[in-house]
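This is what each chain is made of:
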Amino acid sequence: MKKIHLFFWVLSLFVNLVVAQNKEVQPSKFDSIYFETAVKWAKTDYVKALAISDSLFIHSTPPLHQLKALMLTASIYEQLGQQEESIKYALKAETIASKINDYDWQAKIAGFLSTQYRNLGLPQSGKQALNKGIQIIQNVENQKKRNFYYGLVNQELAYYEINNQNFEQAKEFIEKSATYFNRLKESPNNFYYKATNEELFAKCDIKLGNFDDADTHLDQSLNYLDQSSLAESVLRGLILNGKGLIAKHRKEYPLALDYLKQAEVLALSSGFLGLKLDVFKDLSEYYSEVGNVPKQLEYSHKFDLLYHTNTQRSQSTLDGIFSKIDQNNQQLESRQYFYVLAIGVLLLLILSSLVFYRIKKQKDQQRFKRIVNQLKQAKKEPEKPILVNDQIAGNSEDVVKEKFSISAAVEKKILIKLDEFEKGIGYLDKNISASALATTLDSNTKYLSLILKNHRNMDFNNYIGRLRIQYIMERMMNQPEYKNYKISYLAEECGFSTHSKFTAVFKKNTGITPSVFLENLSNQEQDAQ
């Protein structure tokens, strides 16, 4: 039924466009249609919005109207995550803006293109577009407009820093942006950008763990948004999603789910790619935390499907971007091919690295949990009776069967002293050697080597290394101050002469590096709070 309804709607739209084919849109009518499309249809029915914006371009003669129609189309495609189409229309609009020397629109388009390149993972190209916009803003005569554009520029710079995980630096740019917007007269449009700044402040504070500050910023963002002309925009979804994360952190699970589901409704109705990705990921993490595995898997699948679809689309986008550059720069034709190829290869490498990193991260977490469980289990297990070589050989298939030239009584005596040695900290001595340990055990290096081989299944160096690694892991787990020490200090603390030697022995015994162990230990403590 829905498909039939859509068919008749499209048919009626087509008939109306044919009837109006030779009718030019009047200036006053253009503004009203443009505003209604941007505010209403672009947020609720993107199919209709695209049809209207295309019609506005076809039936408008003034270059400024054509430019605005093109940018309306570009913004709708941006919302849908279709960067290729978005950039294509923005570049067409840029050409018109340059021809008519419209600095206002040149500045806006430069900022818009910066956002698209940033979302594609091309920060260098994005910064170039943004710097071009900054140069253009200097030609804008109206001081109020310059303040507005500088506010947008600093907002865009904040997004770059957020992407780079530099949240304190991002907050500095947001504060600069707010300074420029505060110089402007209060208006519905200005309230919207103030609301955006508050949401960005909250995003940074959530990442920094300042949840109370983040909550205050989100409440202020909602207040500004309600006074703007875009009260039901995608920004509301981002705010609600942030409120959901804060409620989840506070263990207020019913409230968290309510916020996240409201954000999901806005994400689905708007079609905004970034919001959908955030909501699907955060709902997956929410259901994981409350133990609802089916729902967790459902939203994890939605996120992965959308993420990979967008990744494939982003790769194809590069062809459209650089074909336009090629048209504007014919003398660079031969270089352009290699540039596109290099960017494509770079994107593939980045994607492969992300997948590899994610898999490695999961494996490291599994190894860490296994190590911790083994250490905890070892403390609970009662001490095993000391068995001499003949007794072990009769009860184990794995033992190395080598004849001893010492009596069982002497062997047992050495093993008792070896146990005492392991309970102490003599193995932390940097100068310890096989002969020194043999002397401590009232034995010799030959007997020590055979006993370590049969009873510890390792040679002297590996034996000492394992004891040192177990010692330092227990300190890191049980003494909080050890988590703040540098790796070089930890190495020295457990008897290693160099940072690299310590890291190599640690990884050999555990499968992970000391830094990964500390990272997972900190994450485990945060999850437990």
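Residues numbered from 1 in each chain as written. Predicted model: local features only at pLDDT ≥ 70, side-chain atom pairs only at ≥ 80, totals over all residues. Heavy atoms only, no water.

Peer 1: What is the right way to read the environment of Leu255 from this model?
Peer 2: Mapped onto the secondary structure, Leu255 falls in helix 13 (residues 253-270). The partly exposed category is assigned to Leu255, whose relative accessible area is 36%. Each C-alpha atom, one on Leu255 and one on Lys243, is 9.0 Å from the other, the two residues being 12 residues apart in sequence. (Helix = DSSP H or I, 4+ residues; strand = E, 2+ residues; numbered from the N terminus. Buried < 20%, exposed > 50% of the residue type's maximum accessible area, 1.4 Å probe, protein only.)

Peer 1: I would appreciate a short explanation of unusual backbone geometry in the present structure.
Peer 2: Generally, phi is negative for residues other than glycine and the peptide bonds are trans, each holding for most cases. In the Ramachandran plot, Asn101 falls in the positive-phi region, its phi being about 55° despite a non-glycine side chain. Structurally, the position occupied by Asn101 is in the loop between helix 5 (83-99) and helix 6 (103-119). Owing to a relative accessible area of 52%, Asn101 belongs among the exposed residues under this scheme. With phi around 55°, Asp442 is a residue other than glycine that occupies positive phi space.

Peer 1: Looking at this structure, how should I read the packing of aromatic side chains?
Peer 2: The way to describe two aromatic rings as a pair is by their centre distance and the angle between their planes. Under the definition given, this model contains 20 aromatic pairs. With a centroid separation of 5.6 Å and 55° between ring planes, the pair formed by Phe148 and Tyr149 is classed as tilted. Aromatic rings pair up to connect Phe148, Tyr149, Phe181, Tyr192 and Tyr193 into one cluster. Looking at Lys108, its charged tip hangs above the ring of Trp105, at a distance of 4.4 Å from the centre. (Phe/Tyr/Trp six-rings, centres within 6.5 Å; stacked < 30°, edge-to-face > 60°. Lys NZ or Arg CZ within 6 Å of the ring centre and 35° of its normal.)

Peer 1: Looking at this structure, how should I read the pattern of salt bridges?
Peer 2: Under the definition given, this model contains 24 salt bridges. The salt bridge involving Asp215 is made with Arg250; its shortest N-O contact spans 3.1 Å. One end of the pair, Asp215, is in helix 11 (residues 211-226); the other, Arg250, is in the loop between helix 12 (234-249) and helix 13, and 35 residues separate them in sequence. Relative accessible area serves as the criterion here: at 32%, Arg250 is assigned to the partly exposed category. (Salt bridge = Lys/Arg side-chain N within 4 Å of Asp/Glu carboxyl O.)

Peer 1: When you look at the packing of helix 6 against helix 7 (residues 123-137) in this model, what are you seeing that I'm missing?
Peer 2: Any two packed helices are characterised by how steeply their axes cross, that is the angle between the axes, and by the distance between the axes. Running from N to C, helix 6 and helix 7 point in directions that differ by 165°, and their axes come no closer than 8 Å. Classed by the angle they form, the pair helix 6 and helix 7 counts as roughly antiparallel. Judged by the twist between their axes, the crossing of helix 6 over helix 7 is left-handed. For the pair helix 6 and helix 7, contact is made by Tyr103, Gln106, Ala107, Ala110, Leu113, Ser114 and Tyr117 and by Ser125, Gly126, Ala129, Leu130, Gly133, Ile136 and Ile137, respectively. The residue makeup of the contact of helix 6 with helix 7, split by class, is 9 nonpolar, 5 polar and no charged. (Axes fitted to C-alpha atoms, helices over the stretch in contact; angles between N-to-C directions. Parallel < 35°, antiparallel > 145°, perpendicular 65-115°, else oblique. Left-handed = near helix turned anticlockwise from the far one by under 90°. Contact = heavy atoms within 4.5 Å. Nonpolar A, V, L, I, M, F, W, Y, C, P; charged D, E, K, R; others polar.)

Peer 1: How should a nonpolar patch on the surface be read in this particular structure?
Peer 2: Among the surface-exposed residues, Leu341, Val345 and Leu349 lie close enough to one another that they form a single nonpolar patch of about 260 Å² accessible area. Within the secondary structure, Leu341 is located in helix 16 (residues 333-380). (Patch = residues over 30% accessible without salt bridge, like charges linked within 9 Å, V, L, I, M, F, W, Y side chains within 5 Å. Areas by Shrake-Rupley, 256 points an atom, 1.4 Å probe, with all protein chains shown as cover.)

What is shown is where atoms sit, not what they do.
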